[in-house]
Amino acid sequence: MSSLQPVRGTHDLMFDDIRRHRHVQSKFASVAARYGYSEIATPIFESTEVFARTLGDTTDIVTKEMYTFETKGGESVTLRPEGTAGVARAFISEGLTQQTPLKLFYNGPMFRHERPQKGRQRQFHQIGAELLGVPGPQGDVEVIALADHILRELNLTGKVTLELNSLGDADSRAAYRAVLIEYLTGHREKLSAESRDRLEKNPLRVLDSKDAADKEIVISAPRFPDYLNQASRDFFKSVQDGLSDLGVAFSLNASLVRGLDYYSHTAFEFTTEALGAQGTVLAGGRYDGLIAQMGGPPTAGIGWAAGVERLAMLLGEMPVLPRPIAVIPVGVGEDAVAQKLVHRLRMSGFNVDIGYSGNMGKRMKRANKLNAAVALIIGEDEVKQSSVTLRHLDSGEQSTVAMADLESRLELYR
Ligand code: ATP
Ligand code: MG
């Protein structure tokens, strides 16, 4: 493939595609502001250490998917594969640890070296929210309600479902881990090579396997909910009651896990049937151990991230764009007057375009292609009389309007 093609797994975003992205991002920003979240834009690359420490070296992201390179200064840096690590790094390095509760949201490109397919790119975009310093279940409820609210604003409520699980506190996880390892070890020979590897390094992740044989084994595995201690059960019940009180629908999924030790209590995902294999549009959880693991003071945290490409694919038709006004000089003699009028109307706040060259027919064609609502036609007579011919392009109706009256006559199209 020519090196002048975009790199595999990357895309140019334009026209309808970028409008869909912007629609998702702007709805997100306005809803997040209502919940008291403020925006953070962390750098697109960080020291590799930031991701290695937060994501742990047994996750797919760290073992296989990171774009890591050495800079000319000999430093190892990585293009961010996700947003939480950078936010956590900023929380510590910007001295924000005393300013909790802290509510932050972000949006932007992420980079993962994985096999491109529908809904899976190497450069993709996420929106995400993080709530730092709220250890209680109200935090989980608010963060999930925010996610639900955004999906509602995007009219996706009917297309997605929320699944919840609890990973409990550290004691519950240790208890579950032990019985899970025992069970899986008993079926070790039938597990996929990847799951055998995970069994050693990160056994919870086996529950997540997409392999058919693994799934058979996982079906009969001990269930996480059965190993939650009372405190963890109470916490999870409060989250569920809180969501029910807000009318946020959910179902429980005992095999929904996050593989890393710093995750605790609530894990959740919004999934859809509409995108085939790439069905998770939004995923998140509580990560109370993360900030401490990065070297900050112990700080509770919970957040989520959603894939903008996947959300964009689920959206219905975009609203039609505002229709421009087309200015059409009949011949080159009227070009200068037309240019001046275009500028004047743009300065007054109208959306105006002009055919740059060609005869009247060609310029009218362009006006139609732009979906213009009206054309302002300027010929020799019009110039003499300081007027224009105003034509409604849908009806073909036209009338003469004095140049000086144009702003008020066009008010409807502003
Ligand atoms: P998956 O199981 O699809 O690989 P993940 O567990 O790697 O997802 P997260 O790290 O939780 O995903 O990221 C949150 C969301 O970001 C996903 O639910 C998805 O919508 C989106 N996402 C993740 N990776 C990609 C990608 N390569 N291309 C497009 N969107 C992605
Ligand atoms: Mg992935």
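Rules used in this analysis
- Residues numbered from 1 in each chain as written.
- Chains lettered and ligands numbered in written order.
- Predicted model: local features only at pLDDT ≥ 70, side-chain atom pairs only at ≥ 80, totals over all residues.
- Heavy atoms only, no water.
- Near = heavy atom within 4 Å.
- Polar contact = N/O pair within 3.5 Å; in protein donor to acceptor, adjacent residues only side chain to side chain.
- Helix = DSSP H or I, 4+ residues; strand = E, 2+ residues; numbered from the N terminus.
- Buried < 20%, exposed > 50% of the residue type's maximum accessible area, 1.4 Å probe, protein only.
- Pairing = 2+ DSSP bridges.
- Expected span 1.5 Å × (residues − 1).

1. Examining the site of ligand 1
Around ligand 1 lies a shell of 14 residues, among which Arg-112, Glu-114, Arg-120, Gln-121 and Gln-126 are the nearest. One of the side-chain nitrogen or oxygen atoms of Glu-114 is found 2.6 Å away from a nitrogen atom of ligand 1. Here Thr-280 contributes a backbone N or O atom positioned 3.0 Å from an oxygen atom of ligand 1. Contributing elements (two or more residues each) for the shell around ligand 1: β6 (123-132), β10 (280-286) and β11 (301-307). No other element matches the 4 residues that β10 contributes to the shell around ligand 1.

2. Let's talk about the environment of Leu-412
As for its placement among the helices and strands, Leu-412 is situated in the segment after α15 (406-409). Exposure remark for Leu-412: the relative accessible area of 73% places this residue in the exposed category. Along the sequence, Leu-412 and Lys-210 sit 202 residues apart, while their C-alpha atoms lie 56 Å from each other.

3. Quick word on the pairing of strand β15 (residues 387-392)
Successive side chains on a regular strand alternate, one facing one side of the sheet and the next facing the other. As judged from the 4 bridges shared by strand β14 (residues 374-378) and β15, these two strands associate in the antiparallel manner. Bridge pairing links Ile-377 to Thr-389 in β15. Two strands pair when backbone bridges link them, and β15 and strand β16 (residues 398-402) are joined in this way by 5 bridges, in the antiparallel orientation. Note that in β16 the partner of Val-388 across the bridge is Val-401. Between the end of β15 and the start of β16, which pair antiparallel, lie 5 residues, with Gly-396 showing a positive phi angle near 80°.

4. Section: helix α5 (residues 137-153)
With 17 residues, α5 should cover 24 Å at 1.5 Å per step; its first-to-last C-alpha distance of 24 Å lies within 8% of that length. Taking burial as the measure, the 17 residues of α5 include 12 buried ones, the bulk of the element. If you check which residues of α5 are buried, you get Gly-139, Asp-140, Val-141, Val-143, Ile-144, Ala-145, Leu-146, Ala-147, Asp-148, His-149, Ile-150 and Leu-151. Where α5 ends, the next residue or the one after it, Asn-155, has phi of about 60°, a positive value.

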